[in-house]
Amino acid sequence: MTGVIVTTINLTAIYALVALGISLTWSGLGFLNLSTGAMYAGAAYGAWLVATNISSNVVVVLLGGVIVGAALGALICLTVFLPLDGKPNWELRTLTATLALSFVGTNIYLWQFGPQFKQFDPLFDFIREFRIGETLVQPSKTGTVIATGILIAIILAFISYSRIGLGVRALTQSVEGAALVGINRRTTAFAILGVSGAFIGLAAVLLGQIYFVEPNSGYSPMIKGLIVALLGGLGSLRGAVIAAFLVAFAEAVTLQYLGGSWVLITLFVLIAVVLIIRPRGIAGVLEGTRA
Amino acid sequence: MSAALEIRGLEAGYGPLSVLHGIDLSVADGERVGILGLNGHGKTTMLRAIVDLVDWKRGEILLNGEDITHATTHALARRGVVLMPQGDALFPGLTVKDNLDAGAYPGGSWKRRKERRDYVCEIFPRLGERLGQVVGTLSGGERRMCSIGRGLMSEARIYLVDEPSLGLGPGIAKGICDTLLGLDLQGGALLIAEQNRALIDGKIDRALRMHGGELAPDTGEDGGH
């Protein structure tokens, strides 16, 4: 059982990151970013380049992933959000455009880096491994939880206390209200997509040190992230974190007792059941506000 | 002297629908002008046209002599054109404090947000008691106060107020209108649309009547046909 708990906490951190990236973009700008997977792989390659060429210091590599992720977010802003904002059929066009970009990204990675797996040297080897009961907690897991906690704390502080952060939160609530108080949606979009990209970038490095990096390595995390974001109620950040925990727990239990091939099946059953009962996801429960 | 707000030949509407048919209006610095008229005759559309929240518009709108006809909503807010809209357009998931602070978003006001917030809480003490409360849980009257308070967070050149009494009980509506129209707006002009003449009578400099998308001098009679 301690094994399940340790796996759950570790996965919660990573899924929360990807889901926060998806959910923040959705709530702030109103589109589902299907190039999340390509951003993920891009950030992983970016961090890998940093690790092999610049420094394998853990802070430098993690920052590399975060910065490349944020830059790719800004690129999505330039190539998808700004050209399509306010155009008819916005939902469909942003879906198509981000999906297309995702294929472009994957092929650029294939062309540049080839199909071979890339691997990071262990990032968190300086942390001592320890035991909880029977379970050995590897440095990578401890490091994942700490790094995630730090990034989420920094970004939460930015969003909660800065002027731009207030603009981001206002945009998630009312586009018209935001315009009326002088918030420029188009410039704030860079902050929203940058922060979303930073979350995804960190997740990419943290998973990249456990698995491998290859051109398609972002798709599976993106699907998990979408499941978590939907389960949490698209747009709800608190919902995303709670849903990340539920999904991680379901996955850990499935891994332990049924085996890895059952994971996606369990997750899809979970999301189907939750959405049948609660069509707006967990956020529907959290929001006690009047319409 | 250039007018705070000058509107010339304004036509506006939504899709194929034309709502305003040539509005001419001039509001002097510090002047308070009321627009009376029944629902559906274009009061809201006129205010929304000024801040670029309609589908289309023709004509000319000047702010202190500068052409703002094609300026965007957020740019106008930064230049001191503040709309307190119908339906409030608040941020329901954010606290009263965050909603008010958002009203000070434009660069210069942001640094003075704390003193402005204190000022707004002095005007509406009820907001002061509820600063930490999420706006979605407020009553209708408190929300209206919050919407007006958010507008007052920056020193506007012109405040546009769209039917502050809408959906409120008579007592609270009168209280809010009295408070708002009793304020010293520090030179800012005010354009208020209201259906209920009694709420603004005697507290404004002059009134106009909106009828069928056109403005006419107010005859002093009540709205019916």
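For the structure, check the block above.
Calculation rules
- Each chain has its residues counted from 1, running along the sequence as written.
- Lettering of chains starts at A and numbering of ligands starts at 1, both following the order in which they are written.
- In keeping with the predicted nature of the model, local features appear solely for residues at pLDDT of at least 70, side-chain atom pairs appear and are counted solely at 80 or more, and the whole-chain, interface and lining totals rest on all residues.
- Remark: hydrogens and water are excluded; side-chain values derive from all non-hydrogen atoms of the structure.
- Secondary structure elements follow DSSP: runs of H or I of four or more residues count as helices, runs of E of two or more count as strands, with numbering from the N terminus.
- For the radius of gyration, the atoms used are the C-alpha atoms, and the globule rule reads 2.2 Å times the number of residues raised to 0.38.
- Buried means the residue's accessible area, taken with a 1.4 Å probe over protein chains only, is under 20% of the maximum for its type, while exposed means over 50%, and partly exposed covers the values in between.
- Between two residues, a contact is recorded if the distance between any of their heavy atoms is within 4.5 Å.
- Here the accessible surface of atoms and residues is derived via Shrake-Rupley with a 1.4 Å probe, and residues count as covered only by protein chains that are part of the display.
- Charge counting treats Lys and Arg as positive and Asp and Glu as negative, with His and both chain ends excluded.
- To locate a charge, take NZ of a lysine, CZ of an arginine, CG of an aspartate or CD of a glutamate.
- Here, axes are lines fitted to C-alpha atoms. For helices the fit covers the stretch in contact, and angles between N-to-C directions go from 0 to 180 degrees.
- An angle below 35 degrees is read as roughly parallel, one above 145 as roughly antiparallel, one from 65 to 115 as roughly perpendicular, and any other as oblique.
- The crossing is said to be left-handed when, going from far helix to near helix, the turn is anticlockwise and less than a right angle, and right-handed when the turn is clockwise.
- Stacked, edge-to-face and tilted labels apply to pairs of Phe, Tyr and Trp rings (six-membered ring for Trp) whose centres lie within 6.5 Å, assigned for plane angles under 30 degrees, over 60, and everything in between, in that order.

A few words on the overall build of chain A. Looking only at helices and strands, chain A has twelve helices and two strands in total. Counted from the first residue to the last, chain A has its helices and strands arranged as α-α-α-α-β-β-α-α-α-α-α-α-α-α. Compactness check: chain A gives a C-alpha radius of gyration of 19 Å against a globular reference of 19 Å for 291 residues, within 12% of the reference. Seen through its principal axes, chain A has C-alpha atoms that stretch 55 × 45 × 35 Å. Counting every position in chain A, which comprises 291 residues, the buried fraction comes to 55%. If you take every contact in chain A between residues at least 6 apart in sequence, the share linking residues at least 24 apart comes to 78%. If you sum the accessible surface of chain A, you get close to 13,000 Å²; carbon and sulfur atoms cover 68% of it. A gap of 9 Å separates the mean positions of the 15 positive and 10 negative side-chain charges of chain A.

Moving on, we come to the packing of helix α7 (residues 140-151) of chain B against helix α8 (residues 170-181) of chain B. Residue and element names in this part refer to chain B. Look at α7 against α8: their axes get within 10 Å of each other, and the N-to-C directions meet at 15°. What the angle tells us is that α7 and α8 run roughly parallel. Along this stretch, α7 crosses α8, giving a crossing that reads as right-handed. From α7, Gly141, Arg144, Met145 and Ile148 reach across to α8, where they touch Ile172, Ile176 and Leu180.

Attention shifts here to the packing of aromatic side chains. Residues and elements named next belong to chain A. Under the defined criterion, the tally for this structure stands at nine aromatic pairs over all chains. Centroid distance phenylalanine 81 to tryptophan 90: 5.8 Å. Interplanar angle 80°. Geometry classified as edge-to-face. Note on tryptophan 90: relative accessible area 13%, which makes it buried. Seen in terms of ring centroids, phenylalanine 117 and phenylalanine 212 are 5.0 Å apart; in terms of plane orientation they differ by 25°. Their pairing is stacked. One end of the pair, phenylalanine 117, is in the loop between α4 (90-113) and β1 (130-132); the other, phenylalanine 212, is in the loop between α8 (185-208) and α9 (219-232), with 95 residues separating them in the sequence.

None of this, on its own, says anything about what the molecule does.
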